[in-house]
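# Observations on the model geometry
Below are the chains, spelled out letter by letter.
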Protein chains: 6
Amino acid sequence: MTTTSNAISRYPVPKLEDLAEDIRKRMLEVQEKAGFIPNVFLALAYRPDEFRAFFDYHDALMLKEGGLTKAEREMIVVATSGANDCLYCVVAHGAVLRVYAKNPRVADQVAVNYREAEITPRQKAMLDFALKVALRSSEIAEADFDALKAHGFSEEDAWDIGAIAAFFALSNRMANMIAMRPNDEFYLMGRVPRK
Amino acid sequence: MTTTSNAISRYPVPKLEDLAEDIRKRMLEVQEKAGFIPNVFLALAYRPDEFRAFFDYHDALMLKEGGLTKAEREMIVVATSGANDCLYCVVAHGAVLRVYAKNPRVADQVAVNYREAEITPRQKAMLDFALKVALRSSEIAEADFDALKAHGFSEEDAWDIGAIAAFFALSNRMANMIAMRPNDEFYLMGRVPRK
Amino acid sequence: MTTTSNAISRYPVPKLEDLAEDIRKRMLEVQEKAGFIPNVFLALAYRPDEFRAFFDYHDALMLKEGGLTKAEREMIVVATSGANDCLYCVVAHGAVLRVYAKNPRVADQVAVNYREAEITPRQKAMLDFALKVALRSSEIAEADFDALKAHGFSEEDAWDIGAIAAFFALSNRMANMIAMRPNDEFYLMGRVPRK
Amino acid sequence: MTTTSNAISRYPVPKLEDLAEDIRKRMLEVQEKAGFIPNVFLALAYRPDEFRAFFDYHDALMLKEGGLTKAEREMIVVATSGANDCLYCVVAHGAVLRVYAKNPRVADQVAVNYREAEITPRQKAMLDFALKVALRSSEIAEADFDALKAHGFSEEDAWDIGAIAAFFALSNRMANMIAMRPNDEFYLMGRVPRK
Amino acid sequence: MTTTSNAISRYPVPKLEDLAEDIRKRMLEVQEKAGFIPNVFLALAYRPDEFRAFFDYHDALMLKEGGLTKAEREMIVVATSGANDCLYCVVAHGAVLRVYAKNPRVADQVAVNYREAEITPRQKAMLDFALKVALRSSEIAEADFDALKAHGFSEEDAWDIGAIAAFFALSNRMANMIAMRPNDEFYLMGRVPRK
Amino acid sequence: MTTTSNAISRYPVPKLEDLAEDIRKRMLEVQEKAGFIPNVFLALAYRPDEFRAFFDYHDALMLKEGGLTKAEREMIVVATSGANDCLYCVVAHGAVLRVYAKNPRVADQVAVNYREAEITPRQKAMLDFALKVALRSSEIAEADFDALKAHGFSEEDAWDIGAIAAFFALSNRMANMIAMRPNDEFYLMGRVPRK
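Residues numbered from 1 in each chain as written. Chains lettered and ligands numbered in written order. Predicted model: local features only at pLDDT ≥ 70, side-chain atom pairs only at ≥ 80, totals over all residues. Heavy atoms only, no water.

## So, the overall build of chain A
When you go through chain A residue by residue, the secondary structure sums to ten helices and zero strands. Along its sequence from the N terminus, chain A presents helices and strands in the succession α-α-α-α-α-α-α-α-α-α. For 195 residues, the compact-globule estimate of 2.2 N^0.38 gives 16 Å, and chain A sits close to it at 17 Å. Seen along its three principal axes, the alpha-carbon backbone of chain A occupies a region of about 50 × 40 × 30 Å. Element-wise, carbon and sulfur atoms account for 52% of the exposed surface of chain A, whose accessible area totals about 7600 Å². For chain A, the distance from the average site of its 25 positive side-chain charges to the average site of its 28 negative ones is 5 Å. (Helix = DSSP H or I, 4+ residues; strand = E, 2+ residues; numbered from the N terminus. Rg over C-alpha atoms; globule rule 2.2 N^0.38 Å. Areas by Shrake-Rupley, 256 points an atom, 1.4 Å probe, with all protein chains shown as cover. Lys, Arg positive; Asp, Glu negative; His and termini not counted. Charge placed at Lys NZ, Arg CZ, Asp CG, Glu CD.)

Okay, here's the thing in structure tokens:
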């Protein structure tokens, strides 16, 4: 098991040229868009079938149409990943949140304590629900759905919020288990104006 | 939101005839094998894209070749679902565990307290790792992998154990959020000899 | 200390013929009724005086007249024993609950997550109180008694609920400490129609 | 339900003259010895059958012969009652501990943090075991018994330690549920030299 | 590191004659008033600059004018120190609380479970706020300030309550880290009428 | 109480010209050095005496000579503030840590999960001790000091580590209680090369 301090994962990382065509294609697309390949792609490619299911699931939740903005979806990721102490997800999705929210401070705020973040009361209600799904899901009750509705969220939105929290419960545990390292690029992304 | 006491889910359940062909096919296959359609198929079909990713992920972990027996994989599901108080997963996967292990007691034991279950010390070490991934994944360290190796588990096995625990972290939260009801059939399955 | 995997207890189990007359009589009575001697009788007989007090206490709470049905008392046992991860009590009292409630599913539901069980809102309020006594008794306040009264429970009922939760706080810890093994008979009891 | 600030219990307290003969006799005996009737006798007399079982159990554990001194048994009570935030038991048994140990400081120390108390390493090992039974009994394993043996405790002693912790798990919950008030006499008892 | 069982601290304790003049003066003043030098002065004098800041902070909070009585400030100390299992602070400030409140029972009550203490509902609301600052400060919200106001506390009082809880979060951790021993004199102080 | 979303504190912030001379001087010095006045100075100036003690304590721990580098002291602040979910301290001291460590990533790593941070094993041992003081100080034992010594830390270093963790237990609670807002400048500081 690898112990180099700057390894991407506890497990070996496959070379791009050894990857199945569909997986390599997915990586090149994200590289095209982001300018680099996020380490989660490289680390999870160690298991191609899990890789495919993971990103299909991710895209079904994060890229779909719906009542939540892209920034709001990333808030859910960052808040629940903060609660789960997941370094990769806080840093990588924090970057994406800054970009979508066009706010260089909001990711650090949401990761540490969303109650004090520069977000709306509606977004705080969204994160209340998300964190309950993340941390005490067996106690979810009708009252929790009612609290969302009081802020104008639909039942579809409620599913989205809970499902994103649930998916990153998986993602956080995988990243923590294999000690996935965030790319250096994420730390600064969205903190300074694009030129 | 539905509140009938015997509803399968807090969300509507689509009719079989309204489902996409690939989803209906998947259901009919499991019905053929099990004699009924487990409610997780019906409840998650409400979101077809998430359904597909969910079962692809499930199959990638639970049906693959590897060092863990099918019964051992189900032990991981039952133990972590017990820790997450997930009724659907404890009951449904408890049934599958009884069938695979050919032991009518082991599922109840593993769900309540695996330390007292009729399983091997090696299997208890497997569940130690799985529960740490489920409950305190940010504390996973090399020593946890070493404890698995001391019982003869390979690095591939370690990934499998952790990945199953991580996948059911997702599954438990979805089931709890939508109040997924286990099929009545599961409660008795594997408790009495097949005729 | 015994380590045979199918031992009833970490401590020696006395032989029936070596027991004091009153203790043996108690065992034979339960055997007459249940068809077998539950292991809690055999394991606790190691300490005759504690045995007598334990079963006197048990009977004072579980056999008395009062506002709670026998099934409701067993629900309290199963729910709090589930919260305390007590294998013996979940399995043995789960069996008794199934028999009294004439419901083969309710014990598994109450053990894992009573909020999703096929029980009444009144019974859920009863279990809210019982679990607070089991897990955070120093926070019990007038408001908790009021919540019971709102569901029609009397002050006598409140004592019964709390006292059963308190007694099984003892019972769960004894069973866990000595690794008490449930009799095989309990696992199936109440799951299939009596012939 | 009574709310007078100096009530002994949330429930009515029976008058001495209304009590069954055996219960009154038990109270008069303790009054003879202590100079007053501890409130636990008065409060629990509300339920005569539970009263009898409670004190039979108490006496079977606290008055029996065995490897633990009386002071050590009271240390177990005070340490676990402190962990359960039980006012009655900390104050009443703290008094008894001071008397038996002939040490006016030890009860406050054990109630707050036994690791810093003026007790022996052997007694700290005893309290490690007792607190594990009180707080995490499902994790008790052979290693916990071995730790006791390393300090010279026998298997009989181990049972005693665990059983006292288990009995006061019950006692603490009853006292907390009914808001049992310690007698004023206990607060000073054992703090000043007897004349 | 010292291990004598009756040491005042894990660290060396400076001699009075080796202390800086201002520190010695502070000690002699408290000795004049209390009849002895509380060990916190001796133990913290090991680090003179920290000593000065510690007692300046203490005095700024505990000796200032304001809406809280001296007894109420000590209640905050005792309740939060009980929650942090800090032996020195529970015993030493418990003594001061008894003296200020002229009540020999209140300190033990507040240390174990303030909900059952002989204090006013207003004082219980004060301790609700203090314990939230002590244990879950990131969840403090406007509603917590509102609860104080409903009992007549001003915003200045709220700061005082929270700041005392915060200061003793520091104090408890220092005392626990260096195993600070309470002076024997504290145990009895305020328990018997002054002659 | 102020509720403007970009307020610095729940409490009023005094104007510079209304401050006592020594307090204003302290602010101007830090402004000279940092280019702006950190909000902790402005928010705590509401209480001048507490302000003076707070910064005297801070300086006694953070500016003194000793075995810990300035970056290491800030690591302790960031790690324990992350555990306490304190937004102000994570953001402000994270900035200082980046500057001292000349590493733009280390603060985010230490705040989320120091076990995965780009720091030495010796520094991880330092943070193990600091977090135990922050979260479970009553369990600190000789073994914890021994673990530090095994990494070459002296007893003086141990005091420094624990005292910094203890001081920020205070600081985190104050910042959380008054909802102290980090200056915008901190978010980017130390992330990009100085020109």
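## Looking at the relation of the copies chain A and chain B
Once chain A is rotated about the relating axis by 180° and shifted along it by 0.0 Å, it coincides with chain B to within an RMSD of 0.0 Å. Taken together, the rotation angle and the small translation identify this as a two-fold axis. A shared binding surface is used by both copies, with 100% of the interface residues of chain A retained as interface residues in chain B. (Least-squares fit on C-alpha atoms with pLDDT ≥ 70 in both. Contact = heavy atoms within 4.5 Å.)

## Focus on the side chain of Asn39 of chain F
Residues and elements named next belong to chain F. For Asn39, the location among the structural elements is in helix 2 (residues 39–44). Only 2.6 Å separates the side chain of Asn39 from the backbone oxygen of Arg181, close enough to count as a polar contact. The residues contacting Asn39, other than those within four sequence positions of it, are Ile8, Tyr88, Arg181, Pro182 and Asn183. (Polar contact = N/O pair within 3.5 Å; in protein donor to acceptor, adjacent residues only side chain to side chain.)

## Here we look at the packing of helix 7 (residues 121–136) of chain E against helix 9 (residues 155–177) of chain E
All names here are of chain E. At a closest axis distance of 8 Å, the pairing of helix 7 and helix 9 adopts a crossing angle of 50°. With respect to helix 9, the element helix 7 is oriented oblique. As helix 7 runs across helix 9, the sense of the crossing is right-handed. On helix 9, the residues touching Arg122, Met126, Phe129, Ala130, Val133 and Ala134 of helix 7 are Asp157, Ala158, Ile161, Gly162, Ala165 and Ala166. In terms of residue class, the contact of helix 7 with helix 9 is made up of nine nonpolar, one polar and two charged. (Axes fitted to C-alpha atoms, helices over the stretch in contact; angles between N-to-C directions. Parallel < 35°, antiparallel > 145°, perpendicular 65-115°, else oblique. Left-handed = near helix turned anticlockwise from the far one by under 90°. Nonpolar A, V, L, I, M, F, W, Y, C, P; charged D, E, K, R; others polar.)

## Topic: the pattern of salt bridges
Residue and element names in this part refer to chain E. The final tally for this structure, using the stated rule, is 120 salt bridges over all chains. When the shortest N-O distance is used, the salt bridge between Arg26 and Asp59 registers 3.1 Å. Linking Arg26 in helix 1 (residues 21–34) with Asp59 in helix 3 (residues 48–62), this pair joins segments that are 33 residues apart in sequence. Residue classification places Asp59 among the partly exposed positions, given a relative accessible area of 23%. (Salt bridge = Lys/Arg side-chain N within 4 Å of Asp/Glu carboxyl O. Buried < 20%, exposed > 50% of the residue type's maximum accessible area, 1.4 Å probe, protein only.)

## Focus on the side chain of Ser81 of chain B
Residue and element names in this part refer to chain B. One can find Ser81 in helix 4 (residues 70–83). Polar contacts involving the side chain of Ser81 include one to the side chain of Asn172, which spans 2.9 Å. Aside from chain neighbours lying at most four places away, what touches Ser81 is Cys86, Cys89, Val90 and Asn172.

## Comments concerning the environment of Phe36 of chain C
With respect to the helices and strands, the residue Phe36 of chain C is situated in the loop between helix 1 (21–34) and helix 2 (39–44). Those residues in contact with Phe36 of chain C that sit more than four places away from it in its chain are Val30, Gln31, Asn183, Glu185, Phe186 and Met189 of chain C.

## Let's talk about the packing of aromatic side chains
Residue and element names in this part refer to chain E. Scanning the entire structure with this criterion turns up 84 aromatic pairs over all chains. Ring centres of Phe54 and Phe167 lie 4.9 Å apart, and the angle between their planes is 50°; on these two criteria the pair is classed as tilted. With Phe54 in helix 3 and Phe167 in helix 9, this pair connects stretches of sequence that are 113 residues apart. By the burial criterion, Phe54 is buried, and Phe167 matches it. (Phe/Tyr/Trp six-rings, centres within 6.5 Å; stacked < 30°, edge-to-face > 60°.)

## Here's the deal with helix 1 of chain E
All names here are of chain E. Its 14 residues give helix 1 an end-to-end C-alpha distance of 20 Å, which sits within 8% of 20 Å, the value for a rise of 1.5 Å per residue. When helix 1 is considered as a whole, its buried residues turn out to be Ile23, Met27 and Val30. One side of helix 1 holds all its buried residues, which, seen down the axis, span an arc of 65°. Exposed residues pointing more than 90 degrees away from the buried face of helix 1 are listed as Glu21, Glu32 and Lys33. Looking one or two residues beyond helix 1, the residue adopting positive phi is Gly35, at roughly 95°. (Expected span 1.5 Å × (residues − 1). Arc of directions from axis to C-beta.)

## Section: the interface of chain A and chain B
Every contact between the two is made by 45 residues of chain A and, on the other side, 45 residues of chain B. Taken together, both faces of the contact between chain A and chain B bury some 4200 Å²; the carbon and sulfur share is 61%. Broken down residue by residue, the surface that chain A buries against chain B is led by Tyr57, Trp159 and Arg173 of chain A, which jointly contribute 21%. Where chain A packs against chain B, one counts six salt bridges. Residue Arg10 of chain B is joined to Glu142 of chain A by a salt bridge in which the shortest nitrogen-to-oxygen separation is 2.7 Å. Joining chain A to chain B, the criterion identifies 22 residue pairs in polar contact (both at pLDDT 80 or more). A per-element tally of the side of chain A that touches chain B places helix 9 (residues 155–177) of chain A first, with 16 residues. Looking at the side of chain A that touches chain B residue by residue, the classes come out as 26 nonpolar, six polar and 13 charged. (Buried area = accessible area lost by both parts, 1.4 Å probe.)

## With respect to the arrangement of the chains
Between chain A and chain D there is no contact, and the shortest C-alpha to C-alpha separation is 20 Å. Chain F makes no contact with chain C, the minimum C-alpha separation between the two being 20 Å.

## Remarks on the confidence of the model for chain A
Residues with a pLDDT of 70 or more make up 96% of chain A, whose mean pLDDT is 95. In the predicted complex, the global pTM is 0.96; the interface-specific ipTM is 0.96. (pLDDT = per-residue confidence, 0-100.)

## Concerning unusual backbone geometry
If you check the backbone angles, Ala179 of chain A has positive phi at about 55° while not being a glycine. Secondary-structure assignment places Ala179 of chain A in the loop between helix 9 and helix 10 (184–188).

## Structural notes on helix 6 (residues 106–113) of chain C
Taken across its eight residues, helix 6 of chain C has eight buried, putting it largely inside the fold. Buried within helix 6 of chain C we find Val106, Ala107, Asp108, Gln109, Val110, Ala111, Val112 and Asn113 of chain C. Buried residues in helix 6 of chain C make contact with helix 5 (87–101), helix 9 (155–177) and helix 10 (184–188) of chain B together with helix 4 (70–83), helix 5 (87–101) and helix 7 (121–136) of chain C.

## A word on the environment of Phe55 of chain D
Residues and elements named next belong to chain D. Along the polypeptide, Phe55 turns up in helix 3 (residues 48–62). Separated by 29 residues in the primary sequence, Phe55 and Arg26 place their C-alpha atoms 9.3 Å from one another. Not counting the four nearest positions on each side in its chain, Phe55 is found in contact with Arg26, Val40 and Phe41.

## Brief notes about the state of the cysteines
All names here are of chain B. Tallying each qualifying case throughout the model produces zero disulfides over all chains. Here Cys86 is not disulfide-linked; the sulfur of Cys89 is the nearest cysteine sulfur, at 3.4 Å. Judged by its relative accessible area of 1%, Cys86 falls in the buried class. With a relative accessible area of 2%, Cys89 lands in the buried category. (Disulfide = S-S within 2.5 Å.)

## Description of the environment of Asp128 of chain E
All names here are of chain E. Of note, Asp128 is situated in helix 7. Its relative accessible area of 42% is what places Asp128 among the partly exposed residues. Measuring from C-alpha to C-alpha, the distance between Asp128 and Leu148 comes to 9.1 Å, with 20 residues separating the pair along the chain.

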